[in-house]
Every structure is written in C-alpha cells, then in structure tokens.
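Structural features, examined
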Amino acid sequence: MDKIRLDKWLWAARFYKTRSLAVQEIGKGRVLVNDQPAKPAREVAPGDLVTVRKEDPALHVRVMAVSGVRGPAPVARQLYEETPESVAARERAAEMRRLAPEPALGIEAGRPTKRDRRLIDQMRGK
C-alpha cells in the first residue's frame, strides 16, 4: 500500500479524531496537498506535502508513510515529519503569545475590582 485516501491518512496520523471530522475540514478548504485544495478521496503518498490549518499557524508536514489503521500516538507520529519552516513558525507564534500583554492591562486605570464596582455603583446612585 503506497497510496491512501487523504481523510483516512489524516485520521490515522491523528490530526483528527474521526474520519468525518477530517472530511469536514477538507471540505472547508483547511487541508491542502502540495499547496492545492484537495478532496477527501485524494490519494496521498510518501513525499507529499500536506498543510493542515487546525490552529494558527498552519502545520506543514511531509508524508513519510501511509497507514490505513489508527495506532498509538508514537506510531502515528512516524507517518509524517513537520517541515523546519513550520516548526520555526510555531515556535515564533508561541513566543509572541508569551510576550503579548495581558488584555486586562489595556484598561487605563486597570480593571476595577468587585469593591471598586460597588463604589462606582454607589456614586451613580444604583
């Protein structure tokens, strides 16, 4: 077996929990094969580049092997290899999230506490 359906490979490689979820995501255009939109029945073979936009940034993986059965995670991890550019982009995004300011700090005076809210309500006559 040197080729397999895309939806079945995504399921076996543990990108999606079920084949029907994989089909839905492929139908929405979130999965590309060799930088082209694909259909669930598209066959993938070792060497193909699959882009999965499951989170930001997208994962770019090279198909290393095909399997028609869903095995344990360590075995599924051997079905693909993430490209170095994808790894760098994920690390860069993680660093940007880590360095991003706390959203509550965007308020000038800071976020009011419960006590502050009660005082504001008293001043407004509520």
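Residues numbered from 1 in each chain as written. Predicted model: local features only at pLDDT ≥ 70, side-chain atom pairs only at ≥ 80, totals over all residues. Heavy atoms only, no water.

1. Quick notes on the nonpolar core
Keep this limit in mind: Working definition of a nonpolar core: buried Ala, Val, Leu, Ile, Met, Phe, Trp, Tyr and Cys residues. They are joined through side-chain atoms within 4.5 Å. Remark: exposure states derive from per-residue accessible area (1.4 Å probe, protein chains only) relative to the maximum for the residue type, with buried under 20%, exposed over 50%, and partly exposed in between. By the criteria applied, helices consist of DSSP H or I runs no shorter than four residues and strands consist of E runs no shorter than two, each listed in order from the N terminus. Whether two residues are in contact is decided by their heavy atoms, any of which lying within 4.5 Å being enough.
Ranked by internal contacts, the top residues of the largest apolar core, which has 21 residues, are Leu6, Trp9, Leu10, Phe15 and Val50. Elements that contribute at least two residues to this core include exactly helix H1 (6-12), helix H2 (19-27), strand S2 (31-33), strand S5 (49-52) and strand S6 (59-63). Residues contacting Leu10, with those up to four places away along its chain left out, are Phe15, Tyr16, Ala22, Ile26, Val31, Val50 and Val52.

2. What to know about the pattern of salt bridges
Spelled out, the test is: The term salt bridge refers to a side-chain nitrogen of Lys or Arg lying within 4 Å of a carboxyl oxygen of Asp or Glu.
If you walk through the whole model with that rule in mind, you get six salt bridges. In this structure, Glu25 and Arg30 form a salt bridge, with 2.9 Å as the shortest nitrogen-oxygen distance. For the salt bridge of Arg98 with Glu95, the shortest nitrogen-to-oxygen distance reads 2.7 Å. Here the residue Arg98 and the residue Glu95 both occupy positions in helix H4 (residues 84-99), the gap between them amounting to three residues, near one helical turn. Through salt bridges with shared partners, a single network forms among Arg5, Asp7 and Arg19.

3. A few points about the sheet that holds S5
The pairing of strands in a sheet happens through backbone hydrogen bonds and is either parallel or antiparallel. Formally: Only strands joined by at least two bridges in the DSSP assignment are considered to pair.
Spatially, five strands are ordered S3-S2-S5-S6-S7 in an open sheet, and the strand pairing comes out antiparallel. Of all the strands in the sheet, the pair left with one neighbour each is strand S3 (36-37) and strand S7 (80-82). By the bridge criterion, three bridges tie S6 to S7 in an arrangement that is antiparallel. If you follow Val63 over to S7, its bridge partner there is Tyr80.

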